[in-house]
Amino acid sequence: MSTVHDELNLSASLDSKITSVTLYPDCAHITRSFHVVLKGGTTNVKLYGGLPYSKVPPAIVRVEKSPNVALRDVQITEDPNRIPEGNIKPISTEDLEEEKELLQKSLLRCELASTLLEVSIRAINTRETAIQSVDDAVHLYVERAEVWDKKIQGLERGIRDLERRIQVNPPQEKQNPLQDTTEARGLELEGPRFSDHIIQFNLKADAGGRVQAEVRLVYVQMQASWVPEYDIFATSINSEDEVKLAVAHKAIVTNETKEENDRRDIANASHFLSDKVSIPEGKHKVTIPQFEPDVALKRYCTPAHDGRVSLEAKITNNNDFSLRSGDVHIYCDGNYIQTTHIYASSPGEYFTIDLGFDPKMSVVYPSPITVVTSTEYQSTEHKFSRRVSVQNNRATTVAPFVLIDQYPIANEQNMFTRLEQPELTVGVDMSIRSLENVPEGCSIIATWDKSQMPPQSEGQEDLGRTGLINWVCQIGGKQEISIDVQWVVCLQDFGGVQDRLVVCS
C-alpha cells in the first residue's frame, strides 16, 4: 500500500453532484461526481453518507477518476460510528424540532462565513496588488465559495425535509413507562436513510503543487424503476384511404430514491431517450420518441354471429431494441377505443392488436334458400344455397379479408350433409379459387378453417369436420364481391324430417 501523505473526508450528499443516471427496469445506475483539490503524493479519501441504505455493502459498479491522478486500494468497510440496527430509537416531533433548530443555527453560521468571504474579495485593491496575487485570490475565492454554497444548499434542503417530517409526524401522547416495547408505544421507527458503510481509496497525484481532480462513483439504486406503456394511433379509419398506424412509446418512471443531491436529476430513463430528462420524486410518465412500425392489416368477419368487419393489425418491431410487455391504449381517428396488453417482442418479432371494426366494409349475409328438393324411395335430398355480399367502400385495395362461414354438419345415423360449393374435401388440406362473380382486381379463395381442429388431432383427417370455411379475399377499391356456398342435406328416413331440417339449415 502507498504511503499516505494526506487525508480527505467527503460526503456524498454535500460534496458531490449527480451527473448521470441510467435507468433499468428494476434499478438505476447513478453517477456522482466529486471535484477535489489534492496535494502532491498520495491522499487517502474516505467517502461517508449519502449513498442509499442497505444491510449489505452498497453495490458499487465502479469508481472512476480523471486522467491526472492514479486510483488505488478501493475498499468498502463498515462505519465504526454507525448505530446498531437494534438500538434505533423512535423519533418524536420534539426531536425533529431540536434537529431543525440545530440546522438553522448552522445555516446562519455558514451564511455569515459566505458573507465574510464576499467582503474579503471586495476589499482587495487591484491597483496596488500584483496581478498574480489577484489571480490567486480569485481562484481561492471561487473554490471556497463553492464549498460554502454546497453546505448552505445541503442545510436548506435538510431543514425543508425536517419541516415535511414534522407535518406528517403527529404529537405523541405520553406513555406508561412500563410499556417499553415498540409495539406498545405505537411509535414508528425512523430507520437509517443512508448506507452505514464507508468507501475509501487512495488518489496519487504528481508532486509539485495542488492538483484539481474529479472522482466519479457509480452505484446501484434499487428505489428507481420503470415500466413501459404504449399508445397506438390509427388514422383513416373513417376515410376512404387505407388505415395507418403510429406507436408512441412511454416509460412510467418511479423515483423513490430520496437522493440528497438534486433529486430532480433522476433520471436519464433508459437508452431509448436521445436527450436527458429530469424526473421528480414520485411516479411520472416520460414519452419516448414515436415510431412507425411495419404493419400488416387483416380484416375478418363471422357474419353468422356479427355482420361487422373486425380490423386486426399485425405489428412488427422494426426497432433495434426489444419492446417490453405492457399496456397498450388504442386510439382510432383520435377516439379512444380500448386498452389491451402486449407481450415482449424482440427486433423482427411481431404482435397483434384488435383495432375494433372497420366502418368502410359491409357484409350482407342472407338466410339460405332451398334450390332444389329431390325425393327417392326412403331418401330425400334438400340442396341449400347462400350468396354473401362484401362491399369495400375504401378507395384502396383491401387484402386479406377473411370471411368465416360454416355449413351445417349432421352426425345422425339417417341424416348427413355434403358440401358442394366450394368443392372442398373433408380431411384434405386444399384451396379452391373462385372464378365466378369475381370482379377485376379481386380474388376469392376457399380453405378449411384450421383454428377449430381438435387439440389431439395429429394429421389432416379432421380438416373440415366442423364445417368451418375460410374465404380469403382480395377486394379492390370501391368493389363488391359475392361468395356462394351450397350444401346438400340427405335424409334416409321420413320421420321427423321437418324438425331436423330446421337444425341443418
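By the naming in an unreviewed UniProt entry, the protein is DUF4140 domain-containing protein, taken from Leucocoprinus leucothites.

### Looking at helix α1 (residues 93–122)
Counting along an α-helix, one turn takes 3.6 residues, and residues three or four places apart therefore face a common direction. With 30 residues, α1 extends 44 Å from end C-alpha to end C-alpha; this agrees with the ideal 44 Å at 1.5 Å per step. Among the residues of α1, those classed as buried are Thr93, Leu96, Lys100, Leu107, Cys110, Ala113 and Ser114.

### A look at a negative patch on the surface
On the surface, Glu94, Asp95, Glu97, Glu98 and Glu99 cluster together to form a negatively charged patch. Position of Asp95 among the secondary structure elements: in helix α1.

### Concerning the side chain of Thr254
Looking at the secondary structure, you find Thr254 in strand β10 (residues 244–255). Here Thr254 is in contact with Gln223, Ala224, Ser225, Gly282 and Lys283, once residues within four sequence places are set aside.

### A few points about the environment of Gly348
Checked against the element boundaries, Gly348 lands in the loop between β15 (335–342) and β16 (350–357). By relative accessible area, which is 53% here, Gly348 ends up exposed. Residues within four places of Gly348 in sequence aside, it is in contact with Thr316 and Asn317.

### Side note on the packing of aromatic side chains
Scanning the model with the defined rule gives three aromatic pairs in all. Plain terms: the ring middles of Tyr331 and Tyr336 are 5.8 Å apart, the flat faces sit at 65 degrees to each other, and that makes the pair edge-to-face. Assessed through its relative accessible area of 48%, Tyr336 is described here as partly exposed. The rings of Phe233, Tyr331 and Tyr336 are connected pair by pair, giving a single aromatic cluster. Over the aromatic face of Trp148 sits the side chain of Lys151, whose NZ or CZ is 4.9 Å from the ring centroid. Taking the ring centre of Trp226 as reference, the NZ or CZ of Arg324 above it sits at 5.0 Å.

### Brief notes about the pattern of salt bridges
In the structure shown here, the tally under the stated rule is 17 salt bridges. The shortest N-O distance in the salt bridge between Glu242 and Arg299 comes to 2.9 Å. Of this pair, Glu242 sits in the loop between β9 (224–235) and β10 while Arg299 sits in strand β12 (residues 294–302); the two residues are 57 residues apart in sequence, bridging distant segments of the chain. Look at Glu242 and you get partly exposed, because its relative accessible area is 24%. Each of the salt bridges in this network shares a partner with another, and the network as a whole consists of Arg62, Glu64, Glu214 and Arg216.

### Overview of the sheet that holds strand β14 (residues 326–332)
The mixed open sheet is built from five strands, whose spatial order is β11-β10-β9-β14-β15. Sheet topology places β11 (282–291) and β15 at the edges, where each strand pairs with a single neighbour. On average, each strand axis in the sheet is tilted by 25 degrees relative to the strand beside it, whichever way the strands run. Pairing analysis gives six bridges linking β9 to β14, with the strands arranged parallel. Opposite Phe233, over in β14, you have Tyr331 as the bridge partner.

Conventions we followed
- Residues numbered from 1 in each chain as written.
- Predicted model: local features only at pLDDT ≥ 70, side-chain atom pairs only at ≥ 80, totals over all residues.
- Heavy atoms only, no water.
- Helix = DSSP H or I, 4+ residues; strand = E, 2+ residues; numbered from the N terminus.
- Expected span 1.5 Å × (residues − 1).
- Buried < 20%, exposed > 50% of the residue type's maximum accessible area, 1.4 Å probe, protein only.
- Patch = residues over 30% accessible without salt bridge, like charges linked within 9 Å, V, L, I, M, F, W, Y side chains within 5 Å.
- Areas by Shrake-Rupley, 256 points an atom, 1.4 Å probe, with all protein chains shown as cover.
- Salt bridge = Lys/Arg side-chain N within 4 Å of Asp/Glu carboxyl O.
- Lys, Arg positive; Asp, Glu negative; His and termini not counted.
- Charge placed at Lys NZ, Arg CZ, Asp CG, Glu CD.
- Contact = heavy atoms within 4.5 Å.
- Phe/Tyr/Trp six-rings, centres within 6.5 Å; stacked < 30°, edge-to-face > 60°.
- Lys NZ or Arg CZ within 6 Å of the ring centre and 35° of its normal.
- Pairing = 2+ DSSP bridges.
- Axes fitted to C-alpha atoms, helices over the stretch in contact; angles between N-to-C directions.

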